[in-house]
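Chains, contacts and geometry: an overview
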Amino acid sequence: MEKIKSILNSLVGGFSVSGHEIYGKEAIEGLAKGIFDEIKVDNLGTMLLIKRSGKVGTKKLLIDAHYDTVGMMIKQIKKNGFLSFTSVGGLDTGILPSTEVVIHGKEDVYGIITSTPPHLKSGAQKSPKMDELYIDTGYSKEKLEELLSVGDPISYKNEIEYINGDYVISAGLDDKACLCAVIDAVSRMDKDSLAFDIYVTASAQEETGKCGAARVSFDIEPDLAVVTDVNFARDEDDDSFECIVPGGGASIDVSAVTNRRATKNIMKHLTKEGIDYQVVCEPSSTSTNADFVSISTSGVPTVLMSIPLKSMHTPSEIVNLRDIKSLSDILLSISYGGDIL
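Residues numbered from 1 in each chain as written. Predicted model: local features only at pLDDT ≥ 70, side-chain atom pairs only at ≥ 80, totals over all residues. Heavy atoms only, no water.

Check the secondary structure of the protein chain and you find eight helices and 17 strands. Taking all 341 residues of the protein chain together, the buried fraction comes to 52%. Residue pairs in contact within the protein chain that sit at least 24 positions apart in sequence constitute 76% of those at least 6 positions apart. Carbon and sulfur atoms provide 48% of the accessible area of the protein chain, an area that totals close to 14,900 Å². The positive charge centre, built from 34 side chains, and the negative charge centre, built from 50, are 3 Å apart in the protein chain. (Helix = DSSP H or I, 4+ residues; strand = E, 2+ residues; numbered from the N terminus. Buried < 20%, exposed > 50% of the residue type's maximum accessible area, 1.4 Å probe, protein only. Contact = heavy atoms within 4.5 Å. Areas by Shrake-Rupley, 256 points an atom, 1.4 Å probe, with all protein chains shown as cover. Lys, Arg positive; Asp, Glu negative; His and termini not counted. Charge placed at Lys NZ, Arg CZ, Asp CG, Glu CD.)

This is the structure we're talking about:
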C-alpha cells in the first residue's frame, strides 16, 4: 500500500477545481514519466497518457478518471475582508459553515466560511443558502483587490490523513482515488503482455458538465472504454442497490447506459482469473463520464467501474485503500484480457 499512498499524496496535494485542472497537471506529469510513452494536454485541460503495446493493429483501450474536483469561485469582493462566492460543482451548503478554504489568486489566500452561532439563530435550523455565506479572510477590501479577482477558484484547505490502517481522508478523492488506481495499474503493466494499446484520460470538467472525456474520446475512437469514478459507500444501516460496501473491492456497474456485452465479458474474465468485484445497479443514467463516452463517435462499448466513497464532495472524503488496490488489480488484468472483445 505504500506505493498507492505515495501516488495518492502527490495527486491530492495540489488543487484542480473544475475549469482550473491545469494547476494539477504537474503532479500527474511527474507520476507519468517513465510509465507512459506519450503525454498530451488538450485545450480543455484533459490529459491524455498513452502506453503502447508495440504490436501492429492492436485495439485501443480507453481508461478514464477525471481529475477535476468540486470547489467554489469568487463572486464579489466585499468590505472588511469578506468574499461572496458560488459553487463549482455540486456542494451541500449545510457542510460549508466553518470550512477552511484556500482562494487561488495572484497569491493563495487562506479563509474560513462564516457561520452564524447557533444561539443567534431563530426558528428551525435549515441549511443556509449560498448567498447567505461569506468567506472571511481577515484582509481589507483594498488588500484583497490587490491579491484576488472575481472568478478566482476556491478549494478546500486540504490535509490528507490515514486512519485505522486502511482508510484515507482527504478532499479531492473524487476522483483522484480512481486516478491513483489507474496510474498504479499502468505502472505494473508488462508491455509484451498487453492486449491493447492503453489510452488513459485524466479528464477535465467532469463535475461541471463531463465535456472533457466526451471530447477526447472522439479523438481516440477506442474499441473499449473503462470509465472509473467513485460511488456512494454503503452505511451500516443502508442496503441501497446504488451503494457499495467500503473495503469490499471495486464495483462494476450494470446500467442501460453501459455496454452489456463488454460488462459481461469483463465479469467472466475476472471470475476466471479469481479476482473479486462488487456489482452495483444503476438502471438509467450513471451521472459519470460513462454516459457521454458511450455515445461519442459512432458509439463506444463502455464499462463503468467504481470504488466506494464516504462524505462525497466534502473536505473529508473517505476511501478504503484496499478498494483502490482492487481497482488497480482489475484494470491490470483487463489490459491483458484478449478475450474481452
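This part is about the packing of aromatic side chains. In this structure the tally under the stated criterion is one aromatic pair. Centroid distance Phe-15 to Tyr-23: 4.9 Å. Interplanar angle 25°. Geometry classified as stacked. Looking at Phe-15, the relative accessible area reads 15%, which means it is buried. The ring of Tyr-162 has Lys-5 sitting right over it, with the charged end atom 4.8 Å from the ring centre. (Phe/Tyr/Trp six-rings, centres within 6.5 Å; stacked < 30°, edge-to-face > 60°. Lys NZ or Arg CZ within 6 Å of the ring centre and 35° of its normal.)

Before going further, it helps to examine the side chain of Ser-328. Mapped onto the elements of the fold, Ser-328 is located in helix α8 (residues 321-335). According to the relative accessible area criterion, Ser-328 is buried, its value standing at 0%. In this view, Ser-328 contacts Ala-181, Asp-184, Ala-185 and Arg-188; residues no more than four positions away in its chain are not counted.

A separate point is unusual backbone geometry. Backbone torsion omega between Asp-174 and Asp-175 reads 15°, so that peptide bond is classified as cis. With respect to the helices and strands, the residue Asp-175 is situated in helix α4 (residues 173-187). Although it is not a glycine, Lys-210 sits at a positive phi angle of roughly 65°. Within the secondary structure, Lys-210 sits in the loop between β12 (196-203) and α5 (211-220).

Before going further, it helps to spend a moment on helix α6 (residues 260-272). Helix length check: α6, at 13 residues, gives a terminal C-alpha distance of 18 Å against a target of 18 Å (1.5 Å per residue), a fit within 8%. Turning to α6, its buried residues are Ala-262, Thr-263, Asn-265, Ile-266, Met-267, His-269 and Leu-270. (Expected span 1.5 Å × (residues − 1).)

This part is about the side chain of Ser-255. Take Ser-255: it is sitting in the loop between β14 (251-254) and α6. At 3.1 Å, the side chain of Ser-255 forms a polar contact with the backbone nitrogen of Val-257. If we skip the residues at most four places from it in the chain, Ser-255 touches Glu-282, Pro-283, Ser-284 and Thr-286. (Polar contact = N/O pair within 3.5 Å; in protein donor to acceptor, adjacent residues only side chain to side chain.)

A separate point is the pattern of salt bridges. Note on pairing: side chains with opposite charge can pair once their charged atoms come close. Inspection of the entire model under this criterion finds 16 salt bridges. Residue Lys-40 pairs with Glu-38 through a salt bridge whose shortest N-O separation is 3.3 Å. Note that Asp-329 is salt-bridged to Lys-325, the shortest N-O span being 3.0 Å. Within this pair, Asp-329 and its partner Lys-325 are both found in helix α8, separated by four residues, close to a single helical turn. Relative accessible area serves as the criterion here: at 25%, Asp-329 is assigned to the partly exposed category. Residues participating in the shared-partner salt-bridge network are Lys-3, Asp-184, Arg-188, Lys-325 and Asp-329. (Salt bridge = Lys/Arg side-chain N within 4 Å of Asp/Glu carboxyl O.)

Strand order in the open sheet formed by eight strands is β1-β2-β12-β3-β13-β16-β14-β15, with mixed pairing between adjacent strands. Both edges of this open sheet fall to β1 (38-41) and β15 (278-281), since each of them pairs with a single strand only. Averaged over neighbouring strand pairs, the angle between their axes works out to 25° when direction is ignored. The pairing of β14 with β15 spans four bridges and is classified as parallel. Paired with Val-254 across the bridge in β15 is Cys-281. Its contacts with the sheet place helix α2 (residues 25-32) against β1, β2 (47-51) and β12, and it is angled at close to 5° to β2. Together, β3 (59-66), β12, β13 (224-232) and β16 (302-309) form the strand contacts of α8, whose direction differs from that of β16 by roughly 160°. (Pairing = 2+ DSSP bridges. Axes fitted to C-alpha atoms, helices over the stretch in contact; angles between N-to-C directions.)

Below, the discussion takes up the environment of Ser-98. Along the polypeptide, Ser-98 turns up in the loop between β5 (82-88) and β6 (100-104). Accessibility expressed as a relative area gives 46% for Ser-98, which makes it partly exposed. Separated by 13 residues in sequence, Ser-98 and Gly-111 place their C-alpha atoms 9.6 Å apart. Not counting the four nearest positions on each side in its chain, Ser-98 is found in contact with Ile-112, Ile-113, Thr-114 and Ser-115.

The complete set of buried residues in α5 reads Gly-212, Ala-213, Ala-214, Val-216, Ser-217 and Ile-220. Buried residues along α5 sit in contact with β2, β3, β12 and α7 (290-293). Immediately downstream of α5, the backbone of Glu-221 shows phi near 50°, a positive value.

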